[in-house]
Amino acid sequence: MDWFDSWALSLATFIPMVGMAVVLAIPKAKEALIKQVTLLTTALTLAIGVIILFRFDYDAADKLQFPVNKSWIDVISSRYHMGLDGISLPLVILTMGITLLCVVYSWDHFPEPHNPKAFLALLLVLETGMIGTFLAEDLILFFIFFELVLLPMYFMIGVWGGPNRDYASIKFFLFTLFGSALMLLSFLALFFKSDPHTFDMVTLASLHGEGIVHGTQLLIFGGLFLGFAIKVPMFPFHTWLPDAHTEAPTVGSVILAAVLLKLGTYGFIRIALPILPEAAHSWAPVIGALSVIGIIYGALGCLAQRDMKRLIAFSSVAHMGFVMLGISTLTSFGINAAIFGMVAHGLITGMLFFLAGSVQERFHTRELSRLGGLLLQAPKMGWILGFCAMASLGLPGLAGFWGEFPAVLSSYEPAEGLNLGLFRFFMVVAAIGTVLAAGYLLWMLQRVAMGKIPEEWQDAHIHDVHKPEWIAWVPLLLLIVALGVFPGAVFNVTDDAVQVISKAFLAEGAGH
Amino acid sequence: MPAPYFDYAALAPEIILTVAIVAVLVADLLFEEREKYQTSTIAGVGCLLALVPVLYLAGNGADRTMFGGAYMVDNYALLMKALFLLAGYVTILLSTNYIEEGDYYQGEYYLLLLTALLGMTIMASARDLVTIFVALETLSIPTYLLAGWRKHDAKSNESSLKYYLMGVLSSAVMLYGMSIVYGLAGDTRLVEISKYVSSGQGGQLFDVAIFFTLVGFAFKVSAVPFHFWAPDSYEGAPTPVTAFLSVASKTGGFVALLSLVYVGFFGRGDAWQPILWVLAAASMTVGNLIALRQTNLVRMLAYSSIAQGGFMLVPFAVANQGDGSARPAAFSATVVYLLIYAVMNLGAFAALIAIARKTRSAEIDTYAGLFNYAPALAVTMSLFLFSLAGIPPLGGWYAKLVVFKAVIDAGTAQAVILGVVAAVNSVIALFYYARVAGMMWFKPSPAETGTGRVPVALGAAIALPTALILAIGVYPNLFARLGELATKGL
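Thoughts on the overall build of chain A
Broken down by element type, chain A carries 20 helices and two strands. For chain A, the C-alpha radius of gyration of 22 Å lies close to 24 Å, the compact-globule estimate for 512 residues. In terms of overall dimensions, chain A has C-alpha extents of about 70 × 55 × 40 Å along its principal axes. Every one of the 512 residues in chain A was classed for burial, and the buried ones make up 62%.

Side note on the overall build of chain B
Helix and strand content of chain B: 19 helices and two strands. Expected size for 490 residues packed as a compact globule is a radius of gyration near 23 Å; at 22 Å, chain B falls within 12% of this value. With respect to the three principal axes, the spread of C-alpha positions in chain B is 70 × 55 × 40 Å. Evaluated residue by residue, chain B yields a buried proportion of 61% over its 490 residues. For chain B, restricting intrachain contacts to residue pairs at least 6 apart in sequence, the fraction spanning at least 24 positions comes to 80%.

Comments concerning the pairing of strand S1 (residues 65–73) of chain A
Residues and elements named next belong to chain A. Where S1 and strand S2 (residues 78–84) come together, six bridges link them in antiparallel fashion. In the sheet register, Asn69 faces S2, and the bridge partner there is His81. Between S1 and S2, which pair antiparallel and follow one another directly, the connecting turn spans four residues, one of which, Ser77, has a positive phi of 40 degrees.

Some thoughts on the interface of chain A and chain B
Taken together, the contacts link 27 residues of chain A with 24 residues of chain B. Counting residues per element, the ones that place at least two in the side of chain A that touches chain B are helix H5 (139–148), helix H6 (150–160) and helix H7 (165–193) of chain A. Looking at the side of chain A that touches chain B element by element, the count peaks at 14 residues for H7 of chain A. Residues belonging to the side of chain A that touches chain B are distributed by class as follows: 22 nonpolar, one polar and four charged.

Looking at the packing of helix H5 (residues 129–147) of chain B against helix H10 (residues 239–264) of chain B
Residues and elements named next belong to chain B. Where H5 meets H10, the axes come as close as 11 Å, and the angle between the chain directions of the two elements is 165 degrees. In this view, H5 runs roughly antiparallel relative to H10, as classed from their interaxial angle. Helix-helix and strand crossings are classified by hand; for H5 and H10 the assignment is left-handed. Residue-level contacts link Ile132, Leu136, Leu139, Thr143, Leu146 and Ala147 of H5 to Val241, Leu245, Ser249, Gly252 and Ala256 of H10. Among the residues forming the contact of H5 with H10, the class breakdown is eight nonpolar, three polar and no charged.

Quick notes on unusual backbone geometry
Geometrically, the link from Val232 of chain A to Pro233 of chain A is a cis peptide bond, its omega value of -15 degrees lying close to zero. By the secondary structure assignment, Pro233 of chain A is in the loop between helix H9 (214–231) and helix H10 (240–247). Pro225 of chain B follows Val224 of chain B through a cis peptide bond whose omega is 5 degrees. You can see Pro225 of chain B is positioned in the loop between helix H8 (203–220) and helix H9 (229–236). In this structure, Ser77 of chain A is a non-glycine residue whose phi angle is positive, near 40 degrees. With respect to the secondary-structure elements, Ser77 of chain A resides in the loop between S1 and S2. Its identity is not glycine, yet Asn115 of chain A carries a phi of approximately 45 degrees, on the positive side. Along the chain, the position of Asn115 of chain A falls in the loop between helix H3 (88–105) and helix H4 (116–135).

Some details on the environment of Gly394 of chain A
Residue and element names in this part refer to chain A. Locating Gly394 in the fold gives a position in the loop between helix H16 (379–392) and helix H17 (399–410). Given 23 C-beta atoms within a 10 Å radius, Gly394 is considered buried. Along the chain, Gly394 and Leu64 lie 330 residues apart, while their C-alpha atoms are 32 Å from each other. Aside from chain neighbours lying at most four places away, what touches Gly394 is Gly400, Phe401, Glu404, Phe405, Thr434 and Ala437.

Let's talk about helix H6 (residues 154–185) of chain B
Over its 32 residues, H6 of chain B runs 46 Å from end to end, which matches the ideal 46 Å to within 8%, given 1.5 Å per residue. Looking one or two places after H6 of chain B, you find Gly186 of chain B, whose phi comes out positive at around 75 degrees.

A look at the packing of helix H11 (residues 269–291) of chain B against helix H12 (residues 297–318) of chain B
Residues and elements named next belong to chain B. It is at 7 Å that the axes of H11 and H12 come closest, and there the two elements cross at 155 degrees. In terms of their interaxial angle, H11 and H12 are classed as roughly antiparallel. Judged by the twist between their axes, the crossing of H11 over H12 is left-handed. Touching Gln273, Leu276, Trp277, Leu279, Ala280, Ser283, Met284, Gly287, Asn288, Ile290 and Ala291 of H11 are Met300, Tyr303, Ser304, Ile306, Ala307, Gly309, Gly310, Phe311, Leu313, Val314, Phe316 and Ala317, all from H12.

What to know about H12 of chain B
The α-helix advances 3.6 residues per turn, and as a result positions three or four apart in sequence lie on the same side. Residues and elements named next belong to chain B. Compared with the 32 Å implied by 1.5 Å per residue over 22 residues, the 32 Å span of H12 between its first and last C-alpha is a close match. Largest kink in H12: about 25 degrees, centred on Met312, with the proline Pro315 one to four residues after it. Of all the 22 residues making up H12, 22 are buried; the element is thus mostly covered by neighbouring parts of the structure.

Comments concerning the environment of Asp85 of chain A
All names here are of chain A. Along the chain, the position of Asp85 falls in the loop between S2 and H3. The buried category is assigned to Asp85, around which 23 C-beta atoms lie within 10 Å. Remark: the alpha-carbon pair of Asp85 and Ile287, spanning 202 residues in sequence, is separated by 25 Å. In this view, Asp85 contacts Ala61, Asp62, Lys63, Leu64, Gln65 and Ala497; residues no more than four positions away in its chain are not counted.

Some thoughts on the confidence of the model for chain B
On average, residues of chain B carry a pLDDT of 88, and 99% of them reach 70 or more. If you check the scores for this complex, the pTM reads 0.93 and the ipTM reads 0.90.

A closer look at the environment of Ile480 of chain A
Residues and elements named next belong to chain A. Examined against the element boundaries, Ile480 turns out to sit in helix H19 (residues 467–485). Along the primary structure Ile480 and Ile269 are separated by 211 residues, whereas in three dimensions their C-alpha atoms are 23 Å apart. Contacts of Ile480, omitting those with residues within four sequence positions, involve Leu347, Ile348, Ala391, Leu398 and Ala399.

Conventions adopted
Residues numbered from 1 in each chain as written. Chains lettered and ligands numbered in written order. Predicted model: local features only at pLDDT ≥ 70, side-chain atom pairs only at ≥ 80, totals over all residues. Helix = DSSP H or I, 4+ residues; strand = E, 2+ residues; numbered from the N terminus. Rg over C-alpha atoms; globule rule 2.2 N^0.38 Å. Buried ≥ 20, exposed ≤ 12 C-beta atoms within 10 Å, placed from the backbone. Contact = placed C-beta atoms within 7 Å. Pairing = 2+ DSSP bridges. Nonpolar A, V, L, I, M, F, W, Y, C, P; charged D, E, K, R; others polar. Axes fitted to C-alpha atoms, helices over the stretch in contact; angles between N-to-C directions. Parallel < 35°, antiparallel > 145°, perpendicular 65-115°, else oblique. Left-handed = near helix turned anticlockwise from the far one by under 90°. Expected span 1.5 Å × (residues − 1). Bend = angle between axes of the 7 residues up to and from the residue. pLDDT = per-residue confidence, 0-100.

Have a look at this one:
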């Protein structure tokens, strides 16, 4: 299996790309074949992921496994360097799974203007970009994959999106591009400040920003911060998110929520923190403050929404606030919680967007004031919505709890040298945020699922969950329970790798 | 005085082009009206044949100098010659059907096109003020005529006249500057001028001379604030000519600028650097902001090419800063940018010409719903537009990257500020490129859609850049190596 070990990551990344090429070659009229090829491609990608799961050495989760390191752009000494450790593993598997489920979900209800060929081709490009980002160990390679997701998502929102899709798609594109342009400048600055000049993330992380003046470090971190924070998105850069989510087709929203947002948080954990620990230490209070503002702002935003999808979008802002709060503590406890939060949010919010899409398909509206009584008309779907709302508000025993609760708790004891009082204040604010979360989620549940069936829908024939939906949803629902009961399944994988990152801050704190 | 030394191998590309020019002229005289389309074939073959000695010389590797250093055939010159010849060939592919169907004079058209190309290939080797000037006029004068090729269209006449007047004015300004340089340095060869520069003589008068010379070239490369002629000329000229102007002609100006700044004037960074800094920042910002408001795609691409020119000027503005390591990096950044820009801009114009066969217009509104009835054209056009915007994995990202890299390499405050200006501009640029893509993909198609077929030559002119732009995007080493080779002679 040596052959597999050296090819695994390249296969995982580029099989979707090959699938896309095949899809493009099939005539538009052969829809069934196009769907089958896409399904096969995503299934094959996930199969690679499963083999990786089995061959991954869990005792050495802090090491980069299945490494590939080949020459790529010699002229600027950027290399094709990929690797997988405990931090990447859960996210890569999540990406592969979600993409497959998205294909299943959209099997026979593609949004207008239909065109499955283009839709699925874009979905496959997206998958390559997302998986590649989680695996790249070279800054330029990371940048390419990080940007690769922009075009397909832009077209997905713009072609298959809602009435306001023009505005939403370009806003999404411009915001992200602005951040990544500055991020690229920071990458180049890191290159020239390292000796010998390198884009290699492993080498840069082992240097810990040595030899860079503190002021310069702060600036470089600022560039990275903008690039990643816009993607997350953190308050006040979040304004693209509600628009993009609301206008995107169901599958687009699911991918956006489940994976794309994680590219930002992953960037913090993989690049910003380990490479510039000193600057991260100085920036941590700012990140923490923006996180808790995001938690409260997102929650209040939710309470003011009239559109179901927009409400879930704002709840993402709040949830990603918890993730960023965990990261800002710079402790292994907080970062572990953040990674768990990323996975949990991916599963739960992905599921909520699926539900919102299905509700819209049945009622042709997402207006909360026009919905109601889902439990009476489609009881199974109603119960699933209830379950996901519970998971999202952090009910113990379900996955959401393990993302939220430890993140809040971790700010009780941030890394050494950080202002204890400030972070404990953050903790209190974040705790209030969890209460608000319960408020808006229960309110949504009440509006959509409970109560009487409104006049409008009395005679409407509403289908309960149908087959593709079951197939797409059951794995997610099971995982939400499974991770809630056995959080160790993720924590044990991530912990070793996270320890390596947080170690830098122990030394950092001692130096202050 | 001994007879001047002629290295016929080194001059072979120019000689072949000259033969092709004569062949086109004779053929035009002898051929019947309905046979005249064959002049296009002769011109195309001429371009490709001229590439053969270029490749031979590149394989041979040795630098060849003639006329006391006034004429140089090194890697850089060969690379640029290859670029010009290929750009010329693609332009001929673009023109074949356009010129034939449009009922224009065909023989003269290709004659002028080849003459302009001859000027460009000479420019690539010119290392002397007089040679540079002769090359510049050889490449400019035919393009003044080409811009007015649509004789019965008032816009085309305006285009030609504006271009001509501005071109002559800039030549005058440039010559004035050059004359002062010659008066002070006592030599027209760039190598000798650079010796004079490094001896520290000259004072403020020399600064003035540099200023005038650069301003003259700023007209040629349509840098803001000397850009006014470009959009009108671009819009009025026949579209293949516009493609040629915005790629080959602009590159011709940049090649001269590269030789002048990096070889001749380099030591006087304090004199030329601020000028080029301002030109770069202004070109990017003004070009982009005005492009935002355009409703016609040709005009939009004209302003976008002004902005792209600004990006190419950025490395100039930082070349003489930092610890000196920036010089080769900046030089190769501009060269690589020129190469990639040529590919994507030619591709964009090729797609535009093909789409115009369906929409009968270059107004952006008429592109609505193109994706629904001509998906292949819509996709390739989108690829070129997003490549121009610098979105990975399309080739344009690498062009942007090397520019940013040169900026950060220099590392001074002015350099970093210019880098941030460039970063912000790349975001602004995306907005108008994406708007066109959005029009093609997001909007419903009109009730009646054109059914114009894409002829083979035009198809080739689209396919070639498409393949290249994807290849560069995924494996930029391809062009990056070329940039590095070109820098060796520096």
